[in-house]
Amino acid sequence: VINSMLSPEQANIRRSRIGFFMTELVGKLDPTWEVEVNLIAKKPVQEKESPKTSDQVTKKILFLAANPSNLTQVGTGREAELIKEALRRSDHRDSFEIVTNHAVTIPGIQRALLQEKPAIIHFSGHGSNLGKLAFEDAQGNSFEVSPGALADLFELFQGRGIEAVLLNACYSEAQAKEIGKNIQYVIGMNEEVYDNNSLEFSRAFYDAIGAGEDIPFAFRLGKNAVSFQSMPESEKPCLLIDGEEQL
């Protein structure tokens with residue numbers, strides 16, 4: 001209360017002093033409070049804005065599967081789901097996009113490469129002991145492709161963003177060696193591979209990719225996952241870097 005005997009000028013000085021001391025006192029108790037002479041009001045707390053970052057680059061994974069009706073059916077659908085789950089669970093899930101193309105034909109591969117512009121290409125399906133991969137024809141039957149023809153296709157897309165090709169199919173090493181002439185990282189299988197082992201390899205491989213690891217580390221983790229199933233089987237995946245097979 002201001003003494004009524006004070007002059008207006010003195011009253012203003014006294015009021016200012018009271019306000020100053022109230023500000024000091026309450027500020028020590030709670031710095032989020034703001035004090036005025038005739039009102040103690042809560043100062044809104046401003047939330048800190050998260051630092052702005054540049055647009056994040058998303059890597060696209062193109063999953064190509066062929067399961068011709070005239071061949072033994074393999075778990076290509078299950079493999080696609082394992083890869084999606086591995087990426088969904090990862091810390092870097094927003095950094096990847098997976099596009100699946102089942103019952104893939106040669107025209108389908110060409111169109112997918114043109115439209116999707118992937119960073120990683122993953123093929124799931126069959127391979128023959130002659131080193132040919134089995135795609136599908138217009139009727140859904142097997143259409144085998146020689147290593148040279150597929151290598152020519154990847155040569156056309158050299159320098160267009162493809163970082164790695166994974167051929168998860170039996171006897172795909174010959175194809176990997178040809179593709180490796182134009183793509184930095186290529187993974188193939190040097191023998192027949194059991195379905196459950198190929199699935200384990202893919203799961204561990206993409207667990208590592210989703211965690212931000214590079215292709216060589218992901219390859220080694222995939223081999224390690226297979227070794228828990230069968231040590232001899234873990235020697236079947238092979239990695240080529242710049243066309244050179246890694247031991």
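Residues numbered from 1 in each chain as written. Predicted model: local features only at pLDDT ≥ 70, side-chain atom pairs only at ≥ 80, totals over all residues. Heavy atoms only, no water.

Enquirer: Mind showing me how you'd approach the packing of helix 6 (residues 195-210) against helix 7 (residues 215-227) here?
Expert: Geometrically, a packed helix pair is captured by the angle between its two axes and the distance between the axes. At their nearest, the axes of helix 6 and helix 7 sit 7 Å apart, and the two run at 145° to each other. Between helix 6 and helix 7 lies a crossing of right-handed hand. Where helix 6 approaches helix 7, its residues Asn-197, Glu-200, Phe-201, Arg-203, Ala-204, Phe-205, Ala-208 and Ile-209 are matched on the opposing element by Ile-215, Phe-217, Ala-218, Phe-219, Leu-221, Gly-222, Lys-223, Ala-225 and Val-226. Taken together, the residues of the contact of helix 6 with helix 7 break down into 12 nonpolar, 2 polar and 3 charged. (Axes fitted to C-alpha atoms, helices over the stretch in contact; angles between N-to-C directions. Helix = DSSP H or I, 4+ residues; strand = E, 2+ residues; numbered from the N terminus. Left-handed = near helix turned anticlockwise from the far one by under 90°. Contact = heavy atoms within 4.5 Å. Nonpolar A, V, L, I, M, F, W, Y, C, P; charged D, E, K, R; others polar.)

Enquirer: Help me understand the sheet that holds strand 10 (residues 185-189) in this model?
Expert: Working definition: the strands of a sheet are paired by backbone hydrogen bonds and lie parallel or antiparallel to each other. Overall, mixed pairing links the 7 strands, which are arranged 4-3-5-9-10-11-12 in an open sheet. Here the strands that pair on one side only, and so sit at the sheet edges, are strand 4 (96-101) and strand 12 (244-245). Where strand 9 (residues 164-168) and strand 10 come together, 3 bridges link them in parallel fashion. In the sheet register, Leu-166 faces strand 10, and the bridge partner there is Ile-187. Contacting strand 3 (59-65), strand 4 and strand 5 (120-124), helix 3 (residues 106-116) runs over the sheet at an angle of about 170° to strand 3. (Pairing = 2+ DSSP bridges.)

Enquirer: Looking at this structure, I do not really get the side chain of Lys-236. What am I missing?
Expert: As for its position among the elements, Lys-236 is in the loop between helix 7 and strand 11 (237-241). There is a polar contact of 2.7 Å between the side chain of Lys-236 and the backbone oxygen of Glu-192. In terms of polar contacts, Lys-236 uses its side chain to reach the side chain of Glu-233, at 2.4 Å. Residues in contact with Lys-236, not counting those within four places in the same chain, are Gly-188, Met-189, Asn-190, Glu-191, Glu-192 and Val-193. (Polar contact = N/O pair within 3.5 Å; in protein donor to acceptor, adjacent residues only side chain to side chain.)

Enquirer: Looking at this model, I keep getting lost on the pairing of strand 3. Mind explaining?
Expert: Moving residue by residue along a regular strand, the side chains alternate between the two faces of the sheet. Within strand 3, 6 of the 7 residues are buried, which leaves the element mostly enclosed by the surrounding structure. Where strand 3 and strand 4 come together, 6 bridges link them in parallel fashion. Bridge pairing in strand 4 links Leu-64 to Asn-101. The parallel pair strand 3 and strand 4, bridged by helix 2 (residues 76-88), forms a crossover whose chirality is right-handed. For strand 3 and strand 5, the ladder comprises 5 bridges, and the chain directions are parallel. (Buried < 20%, exposed > 50% of the residue type's maximum accessible area, 1.4 Å probe, protein only. Right-handed = clockwise from strand over helix to strand, strands pointing away.)

Enquirer: Explain the packing of helix 2 against helix 6 here, please?
Expert: Orientation of helix 2 relative to helix 6, taken along the N-to-C sense of each, is 25°, at an axis distance of 8 Å. Classified by the angle between their axes, helix 2 and helix 6 sit roughly parallel to one another. The crossing of helix 2 and helix 6 is right-handed. Together, Arg-78, Glu-79, Leu-82, Ile-83, Ala-86 and Leu-87 of helix 2 and Ser-198, Leu-199, Ser-202, Arg-203, Tyr-206, Asp-207 and Gly-210 of helix 6 make up the contact between the two elements. The residue makeup of the contact of helix 2 with helix 6, split by class, is 6 nonpolar, 3 polar and 4 charged. (Parallel < 35°, antiparallel > 145°, perpendicular 65-115°, else oblique.)

Enquirer: In this structure, what is going on with unusual backbone geometry? I would like to understand it.
Expert: Residues apart from glycine generally show negative phi values, whereas peptide bonds are mostly found in trans. Its identity as a non-glycine residue notwithstanding, Lys-117 has a phi of 50°, on the positive side. Mapped onto the secondary structure, Lys-117 falls in the loop between helix 3 and strand 5.

Enquirer: I would appreciate a short explanation of the confidence of the model for the protein chain in the present structure.
Expert: Close inspection of predicted coordinates is inappropriate in any region flagged by low pLDDT. Residues of the protein chain with pLDDT of at least 70 account for 77%, and the chain-wide mean is 85. The low-confidence segment residues 34-54 (pLDDT under 50) makes 20 contacts with residues lying over four places distant or belonging to another chain. (pLDDT = per-residue confidence, 0-100.)

Enquirer: Help me out: how do you make sense of the sheet that holds strand 6 (residues 126-127) in this one?
Expert: Pairing is antiparallel across the open sheet formed by 3 strands, whose spatial order is 6-7-8. The open sheet terminates on both sides in strands that have one partner only, identified here as strand 6 and strand 8 (142-145). The pairing of strand 7 (residues 133-136) with strand 8 spans 4 bridges and is classified as antiparallel. Residue Phe-135 lies in a different strand from strand 8, and its bridge partner there is Phe-143.

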